[in-house]
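One-letter residues, chain by chain:
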Amino acid sequence: MTTLFIADLHLSDNEPTITAGFLAFLQREAVHADALYILGDLFEFWIGDDDPNELHDIVAQALAELHDKGVPCYFIHGNRDFLLGKDFAKRSKMVLLPEECVIDIYGQKVLILHGDTLCIDDPGYLRFRRYIRNPIIQKIFLSMPLFLRQKIAGKLRRQSKRSNRTKSSLMMDVNPLAVIEAVKAHQVVHMIHGHTHRPAIHDMTIGGRLSQRVVLGAWHDTGSVLRVDPNDQIELASFPL
Ligand code: LP5
Ligand code: MN
């Protein structure tokens, strides 16, 4: 019995090895799990459920098969695929969760989130985030023709890569005070997130209580998964794709 957590796969047509590794991971490992949680950035970017990309069909079918074999899959949006909507959730039989969510894992309360909202030392990103998370802006974007949405997404990705090169490592990591605030606000001791691509298990003491923050790894040259079992054993592992 294990519950699995993954994030930041950034699946795209340009990375067939990662897609193949993900599909193999579903068949080899996830199929034996109690549940699979995907904490955002499953896709490199998402411009609407109506994007007729074959990769989306393949992933939806694989996740739906996982569900049909008795393994529920839960999804929290990332900063790349925040537009993934109800249509795709239905096709893939994934449950969409709110951006911060407290779940019960074998009797332990755990806060799960993508992690970008903890990066509060990056005001440029937070401004950008407020803008693109505005429902009116999203509605306008989703009503544009696909080629235009593709073009804008491409431009945003290029812009993001460029701006990330100028940001300090500290700025692109989570802010410790934001972590403490989130843990206190949700009254939990465990927290799991991705986004920063810095896989680690951090022990912390918050309010006199021993607390843990797990950062999931991104999938690049290897896959990355957090395994949690009913005896509170946790393992953050990487594996070849
Ligand atoms: O994603 P990553 O890891 O590179 O960096 C993130 C932050 N960047 C982003 C942007 C995404 O990568 C692009 C998402 C594409 C989504 C497609 C749908 C588009 C819908 C839009 C409308 C509803 O999230 C990056 C952080 C980093 O994480 C670390 O936390 O630093 O933040 C930025 O790069 C933001 C910049 O600091 C500010 C960007 C200004 C954008 C100006 C836009 C100009 C182009 C306009 C084109 C119309
Ligand atoms: Mn991210």
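- The protein chain appears in an unreviewed UniProt entry as UDP-2,3-diacylglucosamine hydrolase from Limnobaculum zhutongyuii.
- According to the UniProt record, the Pathway (unreviewed entry) comment for the protein chain reads "Glycolipid biosynthesis; lipid IV(A) biosynthesis; lipid IV(A) from (3R)-3-hydroxytetradecanoyl-[acyl-carrier-protein] and UDP-N-acetyl-alpha-D-glucosamine: step 4/6."
- Here is the UniProt Subcellular location (unreviewed entry) comment for the protein chain, exactly as written: "Cell inner membrane".

1. Considering the layout of surface pockets
- Counted as a void, the second largest pocket has a volume near 200 Å³.
- Breaking the lining of the second largest pocket down by element, the ones donating at least two residues are β6 (108-113), β7 (190-193), β9 (209-215) and β10 (222-228).
- Considering every element that reaches the lining of the second largest pocket, the biggest residue donor is β7, with three residues.
- For the lining of the second largest pocket, a count of residues per class yields nine nonpolar, three polar and two charged.

2. Some remarks on the pattern of salt bridges
- With the rule as written, the count across this model stands at twelve salt bridges.
- Of the charged contacts in the structure, one is a salt bridge between Arg149 and Asp50, with a shortest N-O distance of 2.9 Å. You can see Arg149 sitting in helix α6 (residues 146-166) and its partner Asp50 sitting in the loop between β2 (35-38) and α2 (54-68), a full 99 residues away along the chain.
- Residue Asp50 is classed as partly exposed on the basis of its relative accessible area of 44%.

3. Here we look at the coordination of the manganese ion (ligand 2)
- Protein coordination at the manganese ion (ligand 2) comes from Asp41 (OD), Asn79 (OD1), His114 (NE2) and His195 (ND1), with a distance range of 2.1 to 2.3 Å.
- Between the donor residues of the manganese ion (ligand 2), the gaps in sequence give the motif D-x37-N-x34-H-x80-H. Pair noted here: Asp41 is in the loop between β2 and α2 and His195 is in the loop between β7 and β8 (200-206), with a separation of 154 residues, a long-range link. For the pair shown, Asp41 and His195 are each scored as buried.

4. Thoughts on a positive patch on the surface
- Residues Lys151, Lys155, Arg158, Lys161, Arg162 and Arg165 make up a contiguous surface patch of positive charge.
- Turning to its location among the elements, Lys151 is positioned in helix α6.

5. Concerning the side chain of Asp122
- One can find Asp122 in the loop between β6 and α4 (123-132).
- In this structure, Asp122 is in contact with Lys167 and Met171, ignoring residues within four places of it in sequence.

6. Remarks on the UniProt feature "binding site: Mn(2+) 1" (unreviewed entry) in the protein chain
- Feature annotation in UniProt assigns "binding site: Mn(2+) 1" (unreviewed entry) to the following positions: Asp8, His10, Asp41 and His197. In sequence the annotated residues extend across 190 residues, while in space they remain close, none of their C-alpha pairs exceeding 11.5 Å.
- In this structure His10 comes out as buried when scored by relative accessible area, which is 7%.
- Setting aside residues up to four positions removed in sequence, His10 forms contacts with Asp41, Leu42, Phe43, Glu44, Arg80, His197 and Ala218.
- By secondary structure assignment, the location of His197 is in the loop between β7 and β8.
- Apart from the residues lying within four places of it in its own chain, the contact partners of His197 are Asp8, His10, Ala218 and His220.

Basis of the calculations
- Residues numbered from 1 in each chain as written.
- Chains lettered and ligands numbered in written order.
- Predicted model: local features only at pLDDT ≥ 70, side-chain atom pairs only at ≥ 80, totals over all residues.
- Heavy atoms only, no water.
- UniProt positions renumbered as here; feature names shortened; annotations may be inferred.
- 1 Å grid on protein atoms, 1.4 Å probe; cavity = no way out; pocket = protein on both sides within 12 Å on 5 of 7 lines; lining within 4 Å.
- Points joined across faces, edges and corners; volume = space filled by probe spheres on them.
- Helix = DSSP H or I, 4+ residues; strand = E, 2+ residues; numbered from the N terminus.
- Nonpolar A, V, L, I, M, F, W, Y, C, P; charged D, E, K, R; others polar.
- Salt bridge = Lys/Arg side-chain N within 4 Å of Asp/Glu carboxyl O.
- Buried < 20%, exposed > 50% of the residue type's maximum accessible area, 1.4 Å probe, protein only.
- Donors = N, O, S within 2.8 Å, 3.2 Å for Na, K, Ca; no water.
- Patch = residues over 30% accessible without salt bridge, like charges linked within 9 Å, V, L, I, M, F, W, Y side chains within 5 Å.
- Areas by Shrake-Rupley, 256 points an atom, 1.4 Å probe, with all protein chains shown as cover.
- Lys, Arg positive; Asp, Glu negative; His and termini not counted.
- Charge placed at Lys NZ, Arg CZ, Asp CG, Glu CD.
- Contact = heavy atoms within 4.5 Å.

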